[in-house]
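The chain contents come next:
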2 protein chains.
Amino acid sequence: MTNTLSLLSEHGCFGGVQRFYQHASRETGLPMRFSVFLPPQERISEAGGKVTALLYLAGLTCNEETFMAKAGAQQLAAELGLALIAPDTSPRGANLAGEADSWDFGLGAGFYLDAQQPPWSSHYRMESYITAELLPLLIAALPLDAERMGIFGHSMGGHGALTLALRHPDLFHSVSAFAPVCAPSHCPWGRKAFTGYLGADESIWAQHDATALIKALPVAPYPGGILIDQGLADKFLPEQLHPHLFEAACASINQPLELRQHAGYDHGYYFIASFMADHLRHHARQLEPVHAQV
Amino acid sequence: MTNTLSLLSEHGCFGGVQRFYQHASRETGLPMRFSVFLPPQERISEAGGKVTALLYLAGLTCNEETFMAKAGAQQLAAELGLALIAPDTSPRGANLAGEADSWDFGLGAGFYLDAQQPPWSSHYRMESYITAELLPLLIAALPLDAERMGIFGHSMGGHGALTLALRHPDLFHSVSAFAPVCAPSHCPWGRKAFTGYLGADESIWAQHDATALIKALPVAPYPGGILIDQGLADKFLPEQLHPHLFEAACASINQPLELRQHAGYDHGYYFIASFMADHLRHHARQLEPVHAQV
């Protein structure tokens, strides 16, 4: 299969370009969509032809458009010279039995892992899709610096950002999250998804649980620090998110973590947009080229 | 009918609050929804308890959420101490025959006027709804300064902003637009809407056509200037928008107009977001209290 990118649309945006693409994916066996924001050409030139890139993973029910339309990240990304990449949240079009029955499993709920249980294992391979297919493809096709790539996300996508960062520290050099699912083995969303995609053996779950993963590491993988923002008016906080379990796990291996808690903010994109600038600066600071560091 | 506002949801947003309301409208005879962003309490206090407010009118197919979710206006509005108000684009629930048959007439396409033709005239009264009902209600209920109110909008809502500003200079003291329908009597969207809502008499149309309205004025109504941004990759520009007709009409009465044309930008919210800050500053500058002017 040739991995040709089809440009679905391109929109001028803060001096850069907002693009939507589709391609035939080897890993999922289906057409996949994703979006890319590229900063203004002068930022790309200033960076020597390849810019820092941040991969954003969205939450349940979202798609490749949500972040670009609602998070308000492009203005500062244009200023800082950052590219932004947002994949979809699951394969689409597999037409598996039960795929569309619930909003927290199947369509829009791929959980950024490779399913091991049939029928999901044939198409629901979001981890391999993102790390082994999409990123190499984009690094080859676009002016992105493979050595300066960060990852962040929201809710289920915060789980994805933390777990992919911990499982692929060779790919990602900075990580942050908005209201992430921090300990999926201990919350209803995670237990449902892991049971369905991974099966009943909880030792396999631990390989995709940010809190369990970080506890098992010998040294802090992100010495520059992890940033997490959490709204205190988030209705999913008590049952689904468990940031304090992740905080304790980080402390156990001296992984620096800035866990900020914000009164009055909920789980949605008005919350995410409100703290977006801090996340972009967090990544830009950690990913800037050595010659630019002060 | 008591005009009680029901708060549907409230979201923390850049230190202020993003709210969605519903109320029973006298003018449309139906439940209407709208959204309000209020800046942080300290900005309201600094302004003496009442802040400058901008009314935003959205385009065809949009609703009261579109601007707040996609335009990225809240960050700078919070800094500048501006409230933002966005009504829906038409009544909903009238269940008139043909109401949902096309995307450019009826639902989502109220054109910000009072229909004179049955059956539309009984519910499609967006001009009276906004100017005689919604704004007085909000000025009474929220910390908004009735003397410092601006209006802006996009596409059909740009038409709405220009025409309501020209028809109600007592209510609005600044005006701007993104890709507005500038001469609706001369474009397919406008001719279809005016025929349906106003009838065949084109002399009535002229009362709701920004270009015709401004030509008929003895003196410039907005001496501080009108700001219009237009993308040159906007597929609706050639047939529907006609900014140059409005520009010529402004020149004929010495109405200052800054018409900015941007290569590479289309008709959507990535374009709007890219130039939002300039619009907020345009309004803030013209609406600031006399004691704050330098």
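Not measured: the values here are computed from a predicted model.

Regarding the overall build of chain A
Right, so step 1: Counting its secondary structure elements, chain A contains eleven helices and nine strands.
Right, so step 2: For 294 residues, the compact-globule estimate of 2.2 N^0.38 gives 19 Å, and the C-alpha radius of gyration of chain A, at 18 Å, lies within 12% of that figure.
Right, so step 3: Seen through its principal axes, chain A has C-alpha atoms that stretch 50 × 45 × 35 Å.
Right, so step 4: In chain A, buried positions account for 60% of the 294 residues.
Right, so step 5: At a minimum sequence separation of 6, the contacts of chain A that also span at least 24 residues come to 71%.
Right, so step 6: Here chain A contributes 17 positive and 28 negative side-chain charges, whose respective centroids are spaced 2 Å apart.

Comments concerning the sheet that holds strand S3 (residues 31-38) of chain A
Right, so step 1: Strand order in this open sheet of nine strands is S1-S2-S3-S5-S4-S6-S7-S8-S9 (chain A), and the pairing throughout is mixed. Both outer strands of the open sheet, strand S1 (5-13) and strand S9 (257-262) of chain A, are each paired with one neighbouring strand and no more. Each strand axis lies, on average, 20° off the axis of its neighbour in the sheet, ignoring direction.
Right, so step 2: As paired elements, strand S2 (residues 16-24) of chain A and S3 of chain A share eight bridges and run antiparallel to each other. Note on S3 of chain A: the bridge partner recorded for His-23 of chain A is Met-32 of chain A.
Right, so step 3: Packed onto the sheet, helix H11 (residues 269-287) of chain A meets strand S4 (51-57), strand S5 (82-87), strand S6 (144-154), strand S7 (174-178), strand S8 (226-231) and S9 of chain A and runs at close to 170° relative to S7 of chain A.
Right, so step 4: Contacts from helix H11 (residues 269-287) of chain B reach S1 and S2 of chain A within the one sheet, and its direction differs from that of S1 of chain A by about 30°.

Some words on the state of the cysteines
Any covalent bond linking the sulfur atoms of two cysteines counts as a disulfide.
Right, so step 1: For the structure shown, the criterion picks out zero disulfides over all chains.
Right, so step 2: Unpaired in this structure, Cys-187 of chain B has its nearest cysteine sulfur neighbour in Cys-182 of chain B, at a distance of 9.5 Å.

With respect to the sheet that holds strand S7 (residues 174-178) of chain B
All names here are of chain B.
Right, so step 1: The mixed open sheet is built from nine strands, whose spatial order is S1-S2-S3-S5-S4-S6-S7-S8-S9. The open sheet terminates on both sides in strands that have one partner only, identified here as strand S1 (5-13) and strand S9 (257-262). The sheet shows a mean angle of 20° between the axes of neighbouring strands, direction not considered.
Right, so step 2: Across four bridges, the pairing between strand S4 (residues 51-57) and strand S5 (residues 82-87) is parallel. Across the sheet, Leu-54 pairs through a bridge with Leu-84, a residue of S5.
Right, so step 3: Helix H4 (residues 126-141) rests against S1, strand S2 (16-24), strand S3 (31-38), S4, S5 and strand S6 (144-154) of the sheet, and its axis sits at about 50° to S3.
Right, so step 4: Relative to S7, H11 is tilted by about 170°, and along the sheet it contacts S4, S5, S6, S7, strand S8 (226-231) and S9.

Some remarks on helix H5 (residues 156-167) of chain A
Residue pairs spaced three or four apart in an α-helix point in one direction, given the helix's 3.6 residues per turn.
Residues and elements named next belong to chain A.
Right, so step 1: Spanning twelve residues, H5 covers 16 Å between terminal C-alpha atoms, matching the ideal 16 Å at 1.5 Å per step.
Right, so step 2: Of all twelve residues in H5, eleven are buried; the element is thus mostly enclosed.
Right, so step 3: All of the buried residues in H5 are Met-156, Gly-157, Gly-158, His-159, Gly-160, Ala-161, Leu-162, Thr-163, Leu-164, Ala-165 and Leu-166.

Remarks on the nonpolar core
Right, so step 1: One finds Phe-67, Tyr-197 and Leu-280 of chain A to be the most contacted residues of the largest nonpolar core, which totals 101 residues.
Right, so step 2: Examining the composition of this core, we find that eight residues originate from one element, H11 of chain A, more than from any other.
Right, so step 3: In contact with Phe-67 of chain A, not counting residues within four places along its chain, are Tyr-56, Gly-72, Ala-73, Leu-84, Ala-86, Phe-152, Tyr-269 and Met-276 of chain A.
Right, so step 4: Tyr-270 of chain A together with Phe-111, Ala-193 and Leu-213 of chain B belong to the second-largest nonpolar core, a separate cluster that totals 100 residues.

Some points on the relation of the copies chain A and chain B
Right, so step 1: For the pair chain A and chain B, the superposition axis carries a translation of 0.0 Å, the fit reaches an RMSD of 0.0 Å, and the rotation angle comes to 180°. Both copies of the chain, as the preceding transformation shows, are related through a two-fold rotation axis.

The rules behind these values
- Residues numbered from 1 in each chain as written.
- Chains lettered and ligands numbered in written order.
- Predicted model: local features only at pLDDT ≥ 70, side-chain atom pairs only at ≥ 80, totals over all residues.
- Heavy atoms only, no water.
- Helix = DSSP H or I, 4+ residues; strand = E, 2+ residues; numbered from the N terminus.
- Rg over C-alpha atoms; globule rule 2.2 N^0.38 Å.
- Buried < 20%, exposed > 50% of the residue type's maximum accessible area, 1.4 Å probe, protein only.
- Contact = heavy atoms within 4.5 Å.
- Lys, Arg positive; Asp, Glu negative; His and termini not counted.
- Charge placed at Lys NZ, Arg CZ, Asp CG, Glu CD.
- Pairing = 2+ DSSP bridges.
- Axes fitted to C-alpha atoms, helices over the stretch in contact; angles between N-to-C directions.
- Disulfide = S-S within 2.5 Å.
- Expected span 1.5 Å × (residues − 1).
- Core = buried A, V, L, I, M, F, W, Y, C linked by side-chain atoms within 4.5 Å.
- Least-squares fit on C-alpha atoms with pLDDT ≥ 70 in both.

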